[in-house]
Amino acid sequence: MNHSRSNARAPHKSDLPPYQVVLAETDWESLQTAFGNGEDLPRVLARLLEPDPRVQVSALSELGELVGHQNTIYEATARVAMYVAGILTHPAAMALRPYRDVPIRATLLNWLVSTAYDASDEIVGRTEQYFPGFLTHDTTVAAFRDLRPMLYRAVAPFLQDSHEDVREAAVIAALILAEHPALAEHRDHLAVHARAILDTSSDDPNRRVAWKALEAWGHDVPDPEPFREEPRDRGPHSDGRGDLEPPF
């Protein structure tokens, strides 16, 4: 994760701006990515709205490298996350992934899960042990964490989505984002969804997030933990072009 100082502060508005505004009004060339500035990001982001889901997933994989390489938060990460959250309701998000009966919307949500986790309390706390002062008010990580209430409001409408994969991805994203103190009022409601993940999900990393959230919020949790303790690495960092191939 990146701990350089940033001039790319997250906006403090309560509502997520339209994705078109994010795309048009961001000075992408001024923002750091893993491989230089963000001049290529508008082109990559536009591909997320292509009708071909292969193109969409390929673009997400590329974004994972540009603004999530090695689980790092870069200056451009916050603006990209705003764009991804902003297109969750776009018709293109309903395209089905090749070889899967899963909407692209679930993949977009999982991208947000992965990125939010890279700036989560757990990861930041772990990093602070080795780099005291890592999380100061003017870092790229702090800027991204400021976005959590805004991103939560974009994710929340899908907590009861009819598609299981979309619903589960939205719940996991919401649980991570709800670490923000301004979202504390939503935690009792989210605890119901977290228990549903523990009851029904076969995804060990998702179960881990649900268990950790319940524990952190003072709810009773199963004992012993129903999953292995291991670092989480999901979304575009592990969900890229290889998943476009048919299973063998």
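Residues numbered from 1 in each chain as written. Predicted model: local features only at pLDDT ≥ 70, side-chain atom pairs only at ≥ 80, totals over all residues. Heavy atoms only, no water.

### Some details on the overall build of the protein
Filter applied, for reference: Here a helix means four or more residues in a row that DSSP labels H or I, a strand means two or more in a row labelled E, and each is numbered from the N terminus. Any pair of residues with heavy atoms lying within 4.5 Å of one another is described as a contacting pair.
Counting secondary structure elements, the protein contains 11 helices and two strands. Here the contacts in the protein between residues at least 6 apart in sequence split such that 68% fall between residues at least 24 apart.

### Topic: a negative patch on the surface
The cut-off we apply is this: Distance thresholds for patches are 9 Å for like charges and 5 Å for nonpolar side chains (Val, Leu, Ile, Met, Phe, Trp, Tyr), applied to residues having over 30% relative accessible area and no salt bridge. The method behind every accessible area is Shrake-Rupley, applied with a 1.4 Å probe, and residues are considered shielded solely by the protein chains displayed. We define a salt bridge as a side-chain nitrogen of Lys or Arg found within 4 Å of a carboxyl oxygen belonging to Asp or Glu. None of His or the chain ends enter the tally, which takes Lys and Arg as positive and Asp and Glu as negative. In this description, the location of a charge corresponds to atom NZ of lysine, CZ of arginine, CG of aspartate or CD of glutamate.
A surface patch of like charges, here negative, comprises Asp27, Glu29, Glu39 and Asp40. For aspartate 40, the position within the fold is in the loop between β2 (36–37) and α2 (41–46).

### Examining the confidence of the model for the protein
Our working definition: By definition, pLDDT measures how confident the predictor is in each residue, and it falls between 0 and 100.
Per-residue pLDDT for the protein has a mean of 85; in total, 82% of the residues score no lower than 70. Predicted confidence for residues 1–13 stays below pLDDT 50, and this span has 49 contacts to residues more than four positions away or in other chains. Across residues 231–248, confidence stays below pLDDT 50; counting only partners more than four residues off in sequence or on other chains, it has 47 contacts.

### A look at unusual backbone geometry
One non-glycine residue, asparagine 71, lies in the positive phi region at around 55°. Structurally, asparagine 71 can be placed in the loop between α3 (53–68) and α4 (77–86). Positive phi, normally seen in glycine, also occurs at tyrosine 99, with a value near 65°. On the secondary structure map, tyrosine 99 appears in the loop between α4 and α5 (104–118).

### Details of the pattern of salt bridges
Rules: Relative accessible area decides the class of each residue, using a 1.4 Å probe on protein chains only: under 20% of the type maximum gives buried, over 50% gives exposed, and in between gives partly exposed.
If you walk through the whole model with that rule in mind, you get seven salt bridges. Of the charged contacts, one joins arginine 148 and aspartate 121 as a salt bridge, the two residues approaching to 3.7 Å between their closest N and O atoms. Of this pair, arginine 148 sits in helix α8 (residues 148–155) while aspartate 121 sits in helix α6 (residues 121–130), placing them 27 residues apart in sequence. Judged by its relative accessible area of 35%, aspartate 121 falls in the partly exposed class. Arginine 208 serves as the salt-bridge partner of glutamate 122, at 2.7 Å between the closest nitrogen and oxygen. Remark: arginine 208 occurs in helix α11 (residues 204–216) and glutamate 122 occurs in helix α6; sequence separation between them is 86 residues. The class for glutamate 122 is partly exposed, based on a relative accessible area of 26%.

### Some thoughts on the environment of valine 22
Relative to the elements of secondary structure, valine 22 occurs in helix α1 (residues 19–25). Residues valine 22 and arginine 79 lie 57 residues apart in sequence; the distance between their C-alpha atoms is 7.0 Å. With sequence-adjacent residues up to four places away left out, valine 22 is seen in contact with Pro17, Trp28, Arg79, Met82 and Tyr83.

### Here's the deal with α8
The element α8 is largely enclosed, with a buried count of seven among its eight residues. Residues Arg148, Pro149, Met150, Leu151, Tyr152, Ala154 and Val155 constitute the buried set of α8. Residues of α8 that are buried in the fold lie against α4, α5, α6, α7 (140–146), α9 (164–177) and α10 (187–200).

### Here we look at the packing of aromatic side chains
Just so we agree on the cut-off: Side-chain rings of Phe, Tyr and Trp (the six-membered ring for Trp) are treated as a pair once their centres are within 6.5 Å; stacked means planes under 30 degrees apart, edge-to-face means over 60, and tilted covers the remaining angles.
Counted under the stated rule, the structure contains one aromatic pair. Ring centres 5.7 Å apart and planes at 90° place the aromatic pair tyrosine 19 and tyrosine 83 in the edge-to-face group. Here tyrosine 83 lies in helix α4 and tyrosine 19 lies in helix α1, a separation of 64 residues in the sequence. Given a relative accessible area of 17%, tyrosine 19 falls into the buried group. Relative accessible area serves as the criterion here: at 1%, tyrosine 83 is assigned to the buried category.

### Some points on the environment of alanine 194
For alanine 194, the location among the structural elements is in helix α10. Relative accessible area serves as the criterion here: at 0%, alanine 194 is assigned to the buried category. Taking C-alpha positions, alanine 194 is 8.3 Å from valine 209, a pair spaced 15 residues apart along the chain. Aside from chain neighbours lying at most four places away, what touches alanine 194 is Val171, Leu175, Ala210 and Leu214.

### Notes on the packing of α5 against α9
Stated formally: Inter-axis angles, ranging from 0 to 180 degrees, are taken between N-to-C directions of lines fitted to C-alpha atoms, where helices are fitted over the stretch in contact. Our angle categories are set so that under 35 degrees counts as roughly parallel, over 145 as roughly antiparallel, 65 to 115 as roughly perpendicular, and the remainder as oblique. Each crossing gets its handedness from the near helix: less than a right angle anticlockwise from the far helix is left-handed, clockwise is right-handed. In this count, Pro and Cys sit with the nonpolar residues alongside Ala, Val, Leu, Ile, Met, Phe, Trp and Tyr, while Asp, Glu, Lys and Arg are called charged and the others, Gly among them, polar.
Contact geometry of α5 with α9 gives a least axis separation of 8 Å together with a crossing angle of 20°. Judged by the inter-axis angle, α5 sits roughly parallel to α9. Along this stretch, α5 crosses α9, giving a crossing that reads as left-handed. Contacts between α5 and α9 involve Arg105, Ala106, Leu109, Asn110, Val113, Ala116 and Tyr117 from the former and Asp165, Val166, Ala169, Ala170, Ile172, Ala173, Ile176 and Leu177 from the latter. Split by residue class, the contact of α5 with α9 holds 12 nonpolar, one polar and two charged.

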